[in-house]
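One-letter residues, chain by chain:
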Amino acid sequence: MLGHLARKELLLHLLSARFIFSVAVALALMLCSGWVLLHDHEAQVQAFQELDALHARQIGTYETGADTPLDALAMGGRILDRRPPSLAFIVSGVYGDLPKSFWLSDYDGPVPETNLVENRLSDLFDRVDFRFVIGAVFSLLALLLSYDAISGERQSGTLRLLFANPVRIREVLIAKWLSLVAVLGAALVIAFLSALLLALASPAVTLGADELTRLATVLFLSLLYLALFVSLGLLLSSLFSEPYAAIAVGLMVWVLLVFIIPGAAPYAAAFGEAPPDYVGTAQERQNNLGYDFRTVRQKYVDTGDDEDTALKKTIRFWQDVVEPERSVHMLRANEEFLNRKTRRIEKGLALARLSPYGSFSLAVSDITGTGLMEAARFEKAVEEYRKEFKSFLHARKEAGQYQKVDLAEVPAFEFSSEPLGTALRSCLFDVASLAFLTLGLFAVTYVRMLRYDVR
Amino acid sequence: MIRLILIQRLKEDLLNHKVLVSILVTTVLLGASMGLSTADLRNRQEVYGRNVSHQLELAPLFRPPEVLSTLVRGAQADVYGGKSVAGVNFERIPPASFEDPLLALFPTPDARFIVQYILSLLALMMAFDLVAGLKERKTLALIFANPVQRGRFLLGQCLGSYLGLAVAFLLGFLLSAALLAASGTTAMTADLAVRMAGIGLVSLLYLAVSFLLGALFSTLSFDSSRAFLLALLTWVALVLVLPHLLLLAGSQLRRVRPIEVVTADKNAVRNDILGKKMAFLTEWPKANEAMETIDGKYSHEVGAQEAAMKAAARLSPAGSYALAASALAGTSIDDAESYIESVRSYLTRLRHWVYIEQPAHPEAERPVYFRQRRSSGEAVALAAADTALLAVWVAGLALLTFRRFQCYDVR
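So, a few notes on the structure that sits alongside this text.

About the thresholds
- Residues numbered from 1 in each chain as written.
- Chains lettered and ligands numbered in written order.
- Predicted model: local features only at pLDDT ≥ 70, side-chain atom pairs only at ≥ 80, totals over all residues.
- Heavy atoms only, no water.
- Helix = DSSP H or I, 4+ residues; strand = E, 2+ residues; numbered from the N terminus.
- Buried < 20%, exposed > 50% of the residue type's maximum accessible area, 1.4 Å probe, protein only.
- Contact = heavy atoms within 4.5 Å.
- Areas by Shrake-Rupley, 256 points an atom, 1.4 Å probe, with all protein chains shown as cover.
- Lys, Arg positive; Asp, Glu negative; His and termini not counted.
- Charge placed at Lys NZ, Arg CZ, Asp CG, Glu CD.
- Pairing = 2+ DSSP bridges.
- Phe/Tyr/Trp six-rings, centres within 6.5 Å; stacked < 30°, edge-to-face > 60°.
- Lys NZ or Arg CZ within 6 Å of the ring centre and 35° of its normal.
- Salt bridge = Lys/Arg side-chain N within 4 Å of Asp/Glu carboxyl O.
- Buried area = accessible area lost by both parts, 1.4 Å probe.
- Polar contact = N/O pair within 3.5 Å; in protein donor to acceptor, adjacent residues only side chain to side chain.
- Patch = residues over 30% accessible without salt bridge, like charges linked within 9 Å, V, L, I, M, F, W, Y side chains within 5 Å.
- Axes fitted to C-alpha atoms, helices over the stretch in contact; angles between N-to-C directions.
- Parallel < 35°, antiparallel > 145°, perpendicular 65-115°, else oblique.
- Left-handed = near helix turned anticlockwise from the far one by under 90°.
- Nonpolar A, V, L, I, M, F, W, Y, C, P; charged D, E, K, R; others polar.

## Let's talk about the overall build of chain A
Then, in step 1: Within chain A, the secondary structure is distributed over 17 helices and five strands.
Then, in step 2: Dimensions of chain A, computed from the C-alpha atoms along their principal axes, are close to 110 × 50 × 35 Å.
Then, in step 3: Per-residue burial over chain A gives 54% buried out of 455 residues.
Then, in step 4: Expressed as a percentage of contacts within chain A between residues at least 6 apart in sequence, the contacts between residues at least 24 apart total 83%.
Then, in step 5: With the model as given, the accessible surface of chain A reaches about 19,200 Å², and the carbon-plus-sulfur share is 61%.
Then, in step 6: The averaged location of the 51 negative side-chain charges in chain A is 9 Å from the averaged location of its 44 positive side-chain charges.

Written as structure tokens, this is what we have:
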């Protein structure tokens, strides 16, 4: 019986104008955004390869050879780049919006590298990627397909006829739910695969077992997310006898879940917290703690040194006394910034997860390695590297090897993307909350249907 | 006659709670958004105040937070200045998303966003059963049994329904203006009032576009559920899909190298000079010039891409609206651009002074930074084209609706 009902529903949806429109819209959007994201990704990968090779030969922004003095290395520091996540062409996440290179030295860092010019249109219009297509467009389509599933049949009188047969409410509901999810899933898979086919031709994209598992997880999450909106639509159609009332309420709920809650989350999280202050931190970094280069040099000159010795002594004083003292100050400022930032993000994340779109977005971007988690991991890895770099320099200093450091001897920076296992585990909470909501809404619909007047 | 129809329509909307729901939605959303935005603005003003008091000498260089970024967050661009051995150097403050990456993941629900996405949906819901609903209830045939002109009837209906929506929006908008005034973040000046009035006006125009879209579909179909579905699908295409597709297309018309590559080019120039050891003091100005040429070329590329994207975005009403609203709020891309440009040209002058003229000139002749913030009149002029485009949409849709209604089967 269930199979029978489900087949009927499926055919009904597949032939409806709404479904054809949904697939057309989703396909157009997915293909266009996929194509553009792919081009961006290719450019990013190429830029990363060039820059990484360049920065390996540099201290700070200055090119150097095998005869770098240790002091220059300690002051000039290194620049580390983040490799573009391999799936950024599907879900762009926050990778494109955050600094991709960090500078660090013996005394200071990590500090993001920033530039004066860039295209600012993304400030005004948000980016479109798979996450947006599923999260905002498809979820609305899911509501549109399901908002009159029950009330519509009641209005046209077929519901009465249906229940004149020996069918269970449960079967009818499950058949409706399954067919809707299957239809949406079909549209989703078509759109997803077409975007993926585009990517296969690109040299910048490699799809190994790891990537494929991630992509499958993304598909699964998308399907779960859409199932939630199908449950919501079914509930609304059982609650309201007028289809417009159902969709009007549905639209408001959709707006709240998809746009308002996640969008307001970071602002609400900022309430009552000291904000992470980049400029304040930058000012702390420039603080000379009352030392003045010229005054110190003058003091040496006054005590009878000639100009040249005074300069050399001042530089030594600066490096042995002032910089370490400043360093403590700078590192404390950097740490304070990071602490405040982490606190704020954690609060924001908790608030954003109140909405399914928040959960979905975070899970999908984390799985593809373009999310907040990966960005934080990268910053942490850079901080770890800074410590390693520092201990390398100090070992050299203690050994008295002040001259001629070969950059090849400096510890290399290693950063690999988060292993699949941990990434999957980290999105378990989101999967659980999405599944819980889906089932919960479905259960409420069932209870409501038990005493539904089918006439 | 029109007045009668208009008032009757308004009463009907009031009775079936449409107006009430609209008022509720707009006031709650706009009020809450303004509450969060003013808190954010206060934070940014505090940071700005600290910067300025910390470095009095460079104070004019910092960009004070735009008050109306509470309504339209718009494009962000701030520069941080600091003293260095060579006089002054500047760095771009990373986008706010560096301090809080969640901002990059989800769009900010400011007033512009709420109007563009949510209130336009509301406008659609107000209008979809304007004609089809009356027909379903068989009142349409009765009305036209009287000597009523179709054009006048439709005008009265549209105006009546739209008035309810407009009142709801204006209530929410006034509430957020009051919240802004009460927040103590700014004094209410004439300049601010003109800008806010402009934003209110373009918002109303944009809402009229959505409203008329609903009305058009209402005259296109004979039952309101079909009208609603068609209007909603068109909304999805026009608001959720089209602007993004247009932007993507625009970005592909003029492509730009990744900024990292440009930075590497600049660094290569600097390294070249530094390789010359002691000569670098004399060669430095040349290096700066070369780096600025690279910068200028790149910003030209970016400018061309932005222009193409803006032109493409204007093909959709949502794009026009976003551009007009941000221009009026003083948070447009052009505002950000002119600010960055002013800093860059100051930097050039300053370097010239430090490296080439300094020996001959005392500190008193250090170049002065000066930025002319766009006045409200200029902002209005900047937004005029987009406002006109929206007006064209309104006129076109109205015309279509009226033409369509002339041959509508009222039975």
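There's plenty left to go through after this.
## Here we look at the overall build of chain B
Then, in step 1: The secondary structure content of chain B amounts to 15 helices and two strands.
Then, in step 2: The principal-axis extents of the C-alpha atoms in chain B amount to approximately 95 × 45 × 35 Å.
Then, in step 3: Counting only residues that meet the buried cut, chain B has 58% of its 411 residues in that class.
Then, in step 4: Across chain B, every contact between residues at least 6 apart in sequence was considered, and the portion connecting residues at least 24 apart equals 80%.
Then, in step 5: Of note, chain B has its 40 positive side-chain charges centred 9 Å away from the centre of its 34 negative side-chain charges.

## Considerations on the pairing of strand β3 (residues 78-81) of chain A
Residues and elements named next belong to chain A.
Then, in step 1: Residue alternation in β3 divides its side chains into two sets, Arg78 and Leu80 and Ile79 and Asp81, and both sets are buried.
Then, in step 2: In this structure, β3 lies alongside strand β4 (residues 101-104), joined through four bridges in antiparallel fashion. Within β4, the position partnered with Ile79 by the bridge is Trp103.

## Re the packing of aromatic side chains
Then, in step 1: Here the structure, examined in full by the defined rule, presents 29 aromatic pairs over all chains.
Then, in step 2: Taking 5.9 Å as the distance between ring centres and 85 degrees as the angle between the ring planes, the aromatic pair formed by Phe378 of chain A and Phe413 of chain A counts as edge-to-face. One end of the pair, Phe378 of chain A, is in helix α15 (residues 372-398); the other, Phe413 of chain A, is in the loop between α15 and α16 (420-426), with 35 residues separating them in the sequence.
Then, in step 3: With a centroid separation of 4.8 Å and an interplanar angle of 15 degrees, the aromatic rings of Tyr206 of chain B and Tyr321 of chain B are classed as stacked. Placement of Tyr206 of chain B in helix α9 (residues 190-220) and of Tyr321 of chain B in helix α13 (residues 317-329) is noted, with a sequence separation of 115 residues between them.
Then, in step 4: The exposure class of Tyr206 of chain B is buried, given its relative accessible area of 1%.
Then, in step 5: Among the residues examined, Tyr321 of chain B registers a relative accessible area of 1% and is labelled buried.
Then, in step 6: One aromatic cluster is present, built from ring pairs that chain together Phe102, Phe378, Tyr385, Phe389, Phe413 and Phe415 of chain A.
Then, in step 7: A cation sits over an aromatic face here: Lys100 of chain A above Tyr95 of chain A, 5.5 Å from the ring centre.
Then, in step 8: Across from the ring centre of Phe144 of chain B, 5.3 Å away, lies the NZ or CZ of Arg150 of chain B, which sits over that ring.

## Looking at the pattern of salt bridges
It is possible for side chains of opposite charge to pair when their charged atoms get near one another.
Then, in step 1: The final tally for this structure, using the stated rule, is 25 salt bridges over all chains.
Then, in step 2: Across the pair Arg396 of chain A and Glu409 of chain A runs a salt bridge, and its minimum N-O distance is 2.3 Å. Residue Arg396 of chain A is located in helix α15, and its partner Glu409 of chain A is located in the loop between α15 and α16; the two are separated by 13 residues in the primary sequence.
Then, in step 3: Taking the relative accessible area as the measure of exposure, Arg396 of chain A reaches 15% and is therefore buried.
Then, in step 4: Linking Asp40 of chain B and Arg44 of chain B is a salt bridge whose minimum nitrogen-to-oxygen distance equals 3.3 Å. Of this pair, Asp40 of chain B and Arg44 of chain B both sit in helix α2 (residues 18-54), four residues apart, which is roughly one turn of that helix.
Then, in step 5: Each of Lys8, Glu9, Glu153 and Lys176 of chain A takes part in salt bridges that share partners, so that together they form one network.

## Thoughts on the interface of chain A and chain B
Then, in step 1: With 87 residues of chain A in contact, the opposing surface of chain B contributes 93 residues.
Then, in step 2: Both sides of the chain A and chain B interface together cover about 8,400 Å² of buried area, and 71% of this is carbon and sulfur.
Then, in step 3: One can count two salt bridges joining chain A with chain B.
Then, in step 4: The residue Arg344 of chain A makes a salt bridge to Asp100 of chain B at a minimum N-O spacing of 3.3 Å.
Then, in step 5: Taken together, chain A and chain B are joined by seven residue pairs in polar contact (both at pLDDT 80 or more).
Then, in step 6: Among the elements that make up the side of chain A that touches chain B, the one with the highest residue count is helix α2 (residues 17-56) of chain A (16 residues).

## Section: a nonpolar patch on the surface
Then, in step 1: A cluster of nonpolar residues, Leu163, Val167 and Leu171 of chain B, forms a patch on the protein surface that exposes about 230 Å² of accessible area.
Then, in step 2: Locating Leu171 of chain B in the fold gives a position in helix α8 (residues 150-182).

## Details of the sheet that holds β3 of chain A
Strand-to-strand pairing in sheets goes through backbone hydrogen bonds, with the strands running parallel or antiparallel.
All names here are of chain A.
Then, in step 1: With respect to topology, three strands assemble into an open sheet ordered β3-β4-β5, the strand pairing being antiparallel. In this open sheet, the two edge strands, each paired with only one partner strand, are β3 and β5 (111-112).
Then, in step 2: Both β4 and β5 contribute to a ladder of two bridges, which runs antiparallel. Bridging from a neighbouring strand, Phe102 pairs with Pro112 of β5.

## Focus: the packing of helix α1 (residues 2-15) of chain B against α8 of chain B
All names here are of chain B.
Then, in step 1: Contact geometry for α1 and α8: axes closest at 7 Å, N-to-C directions at 40 degrees. The pairing of α1 with α8 is recorded here as oblique in orientation. Considering only the axes of α1 and α8, their crossing is right-handed. Across the interface between the two elements, Ile2, Ile5, Leu6, Gln8, Arg9, Leu10 and Asp13 of α1 pack against Arg152, Phe153, Leu155, Gly156, Gln157, Leu159, Gly160, Ser161, Leu163 and Gly164 of α8.
Then, in step 2: Class assignment for the residues of the contact of α1 with α8 results in eight nonpolar, six polar and three charged.

## Some words on the side chain of Asp97 of chain A
Then, in step 1: Tracing the backbone through its elements, the reader meets Asp97 of chain A in the loop between β3 and β4.
Then, in step 2: Other than its neighbours up to four places away in sequence, Asp97 of chain A contacts Ser122 and Arg127 of chain A together with Pro95, Ser97 and Ala104 of chain B.

## Details of the pairing of β4 of chain A
Then, in step 1: On β4 of chain A, burial covers both faces: Ser101 and Trp103 of chain A on one face and Phe102 and Leu104 of chain A on the other are all buried.
Then, in step 2: Between the end of β4 of chain A and the start of β5 of chain A, which pair antiparallel, lie six residues, with Gly109 of chain A showing a positive phi angle near 115 degrees.

## Things to note about the environment of Leu102 of chain B
Then, in step 1: Along the chain, Leu102 of chain B falls in helix α4 (residues 102-105).
Then, in step 2: Those residues in contact with Leu102 of chain B that sit more than four places away from it in its chain are Pro266, Ile345, Gly348, Leu349, Leu362 and Leu372 of chain A.

## With respect to the packing of α2 of chain B against α8 of chain B
Residue and element names in this part refer to chain B.
Then, in step 1: Where α2 contacts α8, the axes come no closer than 8 Å and their chain directions differ by 25 degrees. In terms of axis orientation, α2 runs roughly parallel to α8. Remark: the crossing between α2 and α8 carries right-handed chirality. Along the contact surface, α2 presents Val19, Ser22, Ile23, Thr26, Thr27, Leu30, Gly31, Met34, Gly35 and Thr38, while α8 presents Gly164, Ala168, Phe169, Leu171, Gly172, Phe173, Leu175, Ser176, Leu179 and Leu180.
Then, in step 2: The class makeup of the residues in the contact of α2 with α8 is 11 nonpolar, nine polar and no charged.

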